[in-house]
Amino acid sequence: MRKKTEKSKISNIIFAIIFTILIIYALFVIFLLLFGIMTSLKSIEDINGGFYFYTKKNILGFPDLNASHVWVDPETGEEYIYHSRREFFQLFNYRQVIELFTYKKTTSFYVNGGLDAISHYQKVWFGGSANGANSATFIDIFINTFLYTVGGAFIMCFMPALTAYITAKYDYVWCKALHLINIVIMCIPIVGRYPTELTFLRNSGLYDNMLGNFIQKMTGGGTYYLVYYAFFKGVSDVYRDAASIDGASEWTISFRIYFPLAQKMILTVFLIQFVNLWNDYQTLYLYLPSYPTFAYMVFYKVIEATDNTVFQELPMKTAACMFLSVPVLILFIIFKDKLMGSISLGGIKE
């Protein structure tokens, strides 16, 4: 009895330590998010402080909404505003981000083993000149982002599920071989593959187009393949037997019985992949230089295009980053109950 009491105390202590660490981490993340939102709603003058009458720097505080914090130069009569009413009430920084999200850049690369590099322009979905030298507008970037994130996330959550279902529920030699291949591929290091991969994509015509990027994502492997495999392996075959007796086809058994049971898991993986692709700019930089997305625009405007003085200001940098963070947060709030729910394997009695 005494040993059980001591084990219970140790378990409670460990639980308390872990709970405290998680609380601290959650508060830290919330603080960073609130700090980013507040900074994005400030003017650069509010952060740096004014002159003469108002020299206090407002870095961690709430946006200054005092309309009297204005200084008029007595010699020139020029008015200097040191509050953030326009940025807070009119979302001025976010409006500037949307207005300045335009992209015009030429990318040159070799195609089909040619000797001369061919110039490629950014994708413009509506209108544009015949020679292709157009500026991608906010609408073009939005379409690119939607296709890349939603389309890519759907492929990256569905293809591993389909491959895992086939290898887990069908006892064929090639299914076992496919399962083994997926395991081996995960163990092989991929360092140094980019030159060969880029050469292949350019020679095959899959480079710098959205369809080619979708084909790249249709691997059916990866970490989530193992997650799906364990799930489908654990679901009873009684479902299949009962449906087969009633005359159900393999298509019906797969997509009307087994996949609905995994819908919460698939939706969870979709959200994870969506967030990953939403914040991804490196893949665009390597494989889709003519299809800028919001994440790539934040990278390009804030980091790469150092000559753009507007995006070098802290409020504009933060507003651009919050432009990426807030939609993901809203998406999680909407679907949190479905994503955090328990996964049901059904009620078959064996």
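Report on the accompanying structure.

Reading guide: rules and limits
Residues numbered from 1 in each chain as written. Predicted model: local features only at pLDDT ≥ 70, side-chain atom pairs only at ≥ 80, totals over all residues. Heavy atoms only, no water. Core = buried A, V, L, I, M, F, W, Y, C linked by side-chain atoms within 4.5 Å. Buried < 20%, exposed > 50% of the residue type's maximum accessible area, 1.4 Å probe, protein only. Helix = DSSP H or I, 4+ residues; strand = E, 2+ residues; numbered from the N terminus. Contact = heavy atoms within 4.5 Å. Salt bridge = Lys/Arg side-chain N within 4 Å of Asp/Glu carboxyl O. Phe/Tyr/Trp six-rings, centres within 6.5 Å; stacked < 30°, edge-to-face > 60°. Lys NZ or Arg CZ within 6 Å of the ring centre and 35° of its normal.

### Here's the deal with the nonpolar core
Line of reasoning, step 1. Val97, Phe101, Phe294 and Phe311 are the most contacted members of the largest nonpolar core, which has 35 residues in total.
Line of reasoning, step 2. The element best represented in this core is helix H14 (residues 294-304), accounting for eight residues.
Line of reasoning, step 3. Apart from residues no more than four positions distant in its own chain, Val97 is found in contact with Phe311, Met316, Ala319, Ala320 and Phe323.
Line of reasoning, step 4. One finds Tyr170, Cys175, Val235 and Phe259 within the second-largest nonpolar core, a separate group that totals 22 residues.

### Quick notes on the pattern of salt bridges
Line of reasoning, step 1. Evaluation of the coordinates by the stated rule reveals four salt bridges.
Line of reasoning, step 2. Where Asp171 meets Lys176, a salt bridge forms, and the shortest distance between an N and an O atom there is 3.4 Å. In this pair, the class of Asp171 matches that of Lys176, namely exposed.
Line of reasoning, step 3. Close ionic contact of Glu250 with Arg240 constitutes a salt bridge, the shortest N to O distance being 2.6 Å. Taken as a pair, Glu250 in helix H11 (residues 250-261) and Arg240 in helix H10 (residues 238-245) lie far apart in primary sequence, 10 residues in all.

### Here we look at the packing of aromatic side chains
Line of reasoning, step 1. Counted by the stated rule, this structure contains 35 aromatic pairs.
Line of reasoning, step 2. Considering the side-chain rings of Phe101 and Phe323, the 5.8 Å spacing of their centres and the 80° angle between planes classify their relative orientation as edge-to-face. Linking Phe101 in the loop between helix H4 (92-100) and strand E3 (107-109) with Phe323 in helix H15 (residues 314-339), this pair joins segments that are 222 residues apart in sequence. Here Phe101 and Phe323 have matching classes, each one buried.
Line of reasoning, step 3. Both rings, one in Tyr296 and one in Tyr300, keep their centres 6.2 Å apart while their planes meet at 15°; by these two values the pair is stacked. A residue pair is termed a helical-turn pair when its members lie 3 or 4 positions apart in one helix, as Tyr296 and Tyr300 do in helix H14 at four residues. As far as burial versus exposure is concerned, Tyr296 and Tyr300 are alike and both buried.
Line of reasoning, step 4. Between Arg86 and the ring centre of Phe92, over which it is positioned, the NZ or CZ distance is 3.7 Å.

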